[in-house]
Amino acid sequence: MNLDEVRMVVETAIKFGAAEAEAFYLKNDVFTARIANRKIVEAKGAVDEGLAVRVLTRDNGLGFSSTSKLDEEGIREAISRAIKIASKRKLKFKYSMPKPQKYSIVEGTFDGELANLTREHAVELAHKAINSAEEYSDKIVDIAGTINIVKYQVRIVNSNGLEAEDRGTFIEGVIATTAKDYGVESEGYESLKCRYLSDFDPEFIGRESAKMAVDGLKAKRLTEGTYTAIFAPRASADIALRVGTFSNPIIAKTTLQFFLGKEGELVASEKLTILDDPRMPKGPHSCSIDDEGVPTRTKYLLENGVFKGFYYDSKTAAMESKESTGNGFRPPGPAGFTRLPGKLYITEPTPRPSTLVIRSGSDSLDDLISEVKNGLLVKHLHYARISNTVTGDYTAVLRMGLYKIEHGEIAYAVKKSRILDNILKMLSNVDAVANDVRVAGQWGNYAVAPSLRIKQLKVVPVD
């Protein structure tokens with residue numbers, strides 16, 4: 001759908017009786033190469049194209065509907081459903097859809113080379129990842145994973161005169177490996193997300209995953225205790241994502257109230273600065289506009305440990321008589337909902353962070369390790385979660401990528417263990433930040449993060 005066609009959806013909604021209307025069009029083009037049993041078992045593409053409609057009625061009802069049927073009948077049905085929902089859902093506060101604002105395109109979010117990548121080249125990238133894992137060691141007995149290539153385009157129009165467009169590309173690679181030696185098995189994992197093809201290194205994810213798996217073959221059991229722990233970038237990305245969650249005003253008022261009423265207060269280590277930077281060139285989730293057409297902007301969440309404030313979409317901002325910060329994004333569906341990677345149109349906008357960034361320190365990872373006499377290097381978190389939403393108790397399984405540090409050096413890999421600590425204490429106990437910043441994460445959730453050192457972390461063995 002071009003802008004004229006999207007504009008007609010809004011005009012039709014107004015004719016149907018809406019006081020205000022918004023149309024969000026998305027075309028999400030995905031190619032996936034899936035790896036299992038050390039080979040490519042599936043290589044296919046799919047295009048998810050659809051429309052989301054929001055309407056605001058004169059009696060302050062807000063309705064939403066979406067459709068992948070983009071003919072006249074499908075669009076009219078979607079509008080009718082949205083109006084019907086609006087009649088059942090009345091807002092208790094004054095709300096109006098966003099007004100038009102000037103926006104500029106963020107650099108490094110669309111790569112023509114990646115957008116035009118052939119399927120043959122995409123499959124070749126998957127083969128390179130497999131080969132690099134196999135070449136690392138003959139102890140690698142299984143390789144699995146995916147290579148996802150996504151290009152998307154959005155067009156947004158509302159009845160207040162807002163018209164906005166954005167597009168993007170990214171490639172994400174995940175490799176999981178299993179090593180085996182004399183009956184002992186160990187796992188490895190690595191992932192990478194890039195906006196440009198030239199930045200993607202399939203050999204890196206294959207090699208690093210294999211190294212982790214092979215290292216684990218000689219892992220030793222950990223003694224329960226409190227350790228100085230260094231979170232490598234993929235683990236520290238989880239810290240950034242937690243801060244992003246705590247800075248959501250809806251979550252702060254309903255579930256995780258750790259930052260509620262704490263604007264301007266010290267809530268973490270002074271070493272820790274975390275921002276939401278959707279304007280970052282080549283940022284993993286950077287974008288020019290949010291999913292309501294509001295221009296994005298950089299926002300500090302923590303600055304030297306001080307909580308700077310919440311981010312907002314237009315609706316949540318209206319509830320508090322504030323302005324949107326350009327954080328109205330359409331989240332994934334319910335847990336277990338199968339979806340393509342990339343952007344979505346099937347849900348309403350809610351406040352969400354974009355590209356979360358932990359500000360780099362000045363020391364190298366080796367510098368951080370050299371100062372640790374008895375500690376741990378944590379490269380991968382599994383099932384990380386807040387186990388107590390009131391106190392902030394935090395747990396994560398360390399089933400791979402865990403190493404013992406002794407007298408300033410990495411000594412050996414450690415067997416499966418578990419973190420049993422508190423996220424608020426962990427934030428306060430960050431005593432050093434490295435300069436090894438990279439895009440890191442897993443399961444589609446990425447941040448720009450360096451290694452972090454946490455001076456006290458309780459870890460217990462699992463087996």
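Residues numbered from 1 in each chain as written. Predicted model: local features only at pLDDT ≥ 70, side-chain atom pairs only at ≥ 80, totals over all residues. Heavy atoms only, no water.

Details of the environment of G264
Tracing the backbone through its elements, the reader meets G264 in the loop between α7 (249–254) and β8 (274–276). For G264, a relative accessible area of 61% puts it in the exposed group. Counting along the chain gives 44 residues from G264 to K308, while the straight-line C-alpha distance between them is 5.8 Å. Dropping the residues within four chain positions of it, G264 is found in contact with V306 and F307. (Helix = DSSP H or I, 4+ residues; strand = E, 2+ residues; numbered from the N terminus. Buried < 20%, exposed > 50% of the residue type's maximum accessible area, 1.4 Å probe, protein only. Contact = heavy atoms within 4.5 Å.)

So, the sheet that holds strand β4 (residues 140–158)
Here six strands make up an open sheet; going across it, the order is β3-β2-β1-β4-β5-β6 and the pairing antiparallel. Across the chains shown, the open sheet's two edge strands, defined by having one partner strand only, are β3 (62–67) and β6 (184–194). This sheet shows a mean twist of 15° between the axes of neighbouring strands, independent of strand direction. The pairing of strand β2 (residues 39–56) with β3 spans six bridges and is antiparallel. Across the sheet, the residue bridging to V55 is G63, located in β3. Sitting on the sheet, helix α1 (residues 3–15) touches β1 (20–36), β2, β4 and β5 (163–181), and the angle it makes with β1 is about 130°. Packing against the sheet, helix α5 (residues 202–215) makes contact with β4, β5 and β6, and its axis sits at approximately 155° to β6. (Pairing = 2+ DSSP bridges. Axes fitted to C-alpha atoms, helices over the stretch in contact; angles between N-to-C directions.)

Comments concerning the pairing of strand β7 (residues 225–231)
Here β7 lies mainly inside the structure; five of its seven residues are buried. Bridge count between β7 and strand β23 (residues 452–461): six bridges; the pairing is antiparallel. Bridged to F231 within β23 is L452. Here four bridges tie β7 to strand β14 (residues 374–378), and the two strands are oriented parallel to one another. Across the sheet, F231 pairs through a bridge with V378, a residue of β14.

With respect to the sheet that holds strand β10 (residues 306–307)
Read from one edge of the open sheet, six strands run β10-β9-β8-β13-β22-β21, paired in mixed fashion. Looking at strand neighbours, the two that pair on one side only are β10 and β21 (438–442), the edges of this open sheet. Note: β8 against strand β13 (residues 356–358), three bridges, orientation antiparallel. Counterpart to L275 in the pairing with β13 is V357. Seen against the sheet, helix α6 (residues 233–246) touches β8, β9 (299–303), β13, β21 and β22 (445–449) and runs at an angle of roughly 105° to β22.

The analysis is restricted to geometry; functional conclusions fall outside its scope.
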